[in-house]
Amino acid sequence: MKAHTEVELLIRRGGGLISRRDYPALSHTMAWLVREGKLVPVLPGIYAPPELAHNVEVLMRAVCLRHSEAVVLGAAAARASFCRMPR
């Protein structure tokens, strides 16, 4: 399997994200995909396809991926659980 195909598969499995820390053998491929515009950094070492990079749910998952003990609270947690918040 080609490295970029493996990265794409891992992104699909990872809900739109991939962590350089989790796949150090693919770090050069991730860097190449960033230079090609096929991935963008959402946090240091965490990458997503450009079309998902500003999705709130993807960003919350990125924080949890980067900081494994992170806790999402308040309106962000409500949004993640699909609860409708009064305005």
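Quick caveat: nothing in here was measured; it's all calculated off a predicted structure.

Calculation rules
Residues numbered from 1 in each chain as written. Predicted model: local features only at pLDDT ≥ 70, side-chain atom pairs only at ≥ 80, totals over all residues. Heavy atoms only, no water. Helix = DSSP H or I, 4+ residues; strand = E, 2+ residues; numbered from the N terminus. Buried < 20%, exposed > 50% of the residue type's maximum accessible area, 1.4 Å probe, protein only. Contact = heavy atoms within 4.5 Å. Areas by Shrake-Rupley, 256 points an atom, 1.4 Å probe, with all protein chains shown as cover. Axes fitted to C-alpha atoms, helices over the stretch in contact; angles between N-to-C directions. Parallel < 35°, antiparallel > 145°, perpendicular 65-115°, else oblique. Arc of directions from axis to C-beta. Pairing = 2+ DSSP bridges. Core = buried A, V, L, I, M, F, W, Y, C linked by side-chain atoms within 4.5 Å.

### A word on the overall build of the protein
Helix and strand counts for the protein stand at 4 helices and 3 strands. N-terminal to C-terminal, the α/β element order of the protein is α-β-α-β-β-α-α. Within the span of the protein, comprising 87 residues, buried residues form 26% of the whole. For the protein, long-range pairs separated by at least 24 residues make up 37% of all intrachain contacts whose partners lie at least 6 apart in sequence. For the protein, the computed accessible surface area is about 6000 Å², with 57% contributed by carbon and sulfur atoms.

### Looking at the environment of A31
Relative to the assigned elements, A31 resides in helix α2 (residues 27-35). Taking the relative accessible area as the measure of exposure, A31 reaches 21% and is therefore partly exposed. A31 sits 10 residues away from P41 along the chain, and the two C-alpha atoms are 9.8 Å apart.

### So, the packing of helix α1 (residues 3-13) against α2
The angle between the axes and the distance between the axes are what describe a pair of packed helices. With their axes 9 Å apart at the nearest point, α1 and α2 run at an angle of 85° to one another. In this view, α1 runs roughly perpendicular relative to α2, as classed from their interaxial angle. Where α1 approaches α2, its residues A3, H4 and V7 are matched on the opposing element by T29, M30, W32 and L33.

### A word on α2
Those residues of α2 lying buried are S27, T29, M30 and L33. Down the axis of α2, the buried set is contained in an arc of 160°. They therefore lie on one face. Those residues of α2 that are exposed and aimed more than 90 degrees away from the buried face are H28 and R35. On its buried face, α2 sits against α1, β1 (18-19) and β3 (46-48). Following α2 by one or two positions, G37 has its phi on the positive side, about 80°.

### A look at the sheet that holds strand β2 (residues 40-43)
Strand order in the open sheet made by the 3 strands is β1-β3-β2, with antiparallel pairing throughout. Because the sheet does not close on itself, it has two edges, and the strands there are β1 and β2. Across the sheet, helix α3 (residues 56-66) touches β1, β2 and β3, and the angle it forms with β2 is around 70°.

### Describing the nonpolar core
Side chains that are nonpolar tend, in soluble globular proteins, to be buried together. Of all hydrophobic cores here, the largest spans 9 residues; its members are V7, L10, I11, I18, L26, M30, L33, L39 and Y47. Those elements giving two or more residues to this core turn out to be α1 and α2. No other element matches the 3 residues that α1 contributes to this core. Excluding residues within four positions of it along the chain, L33 makes contact with H4, V7, K38 and L39.

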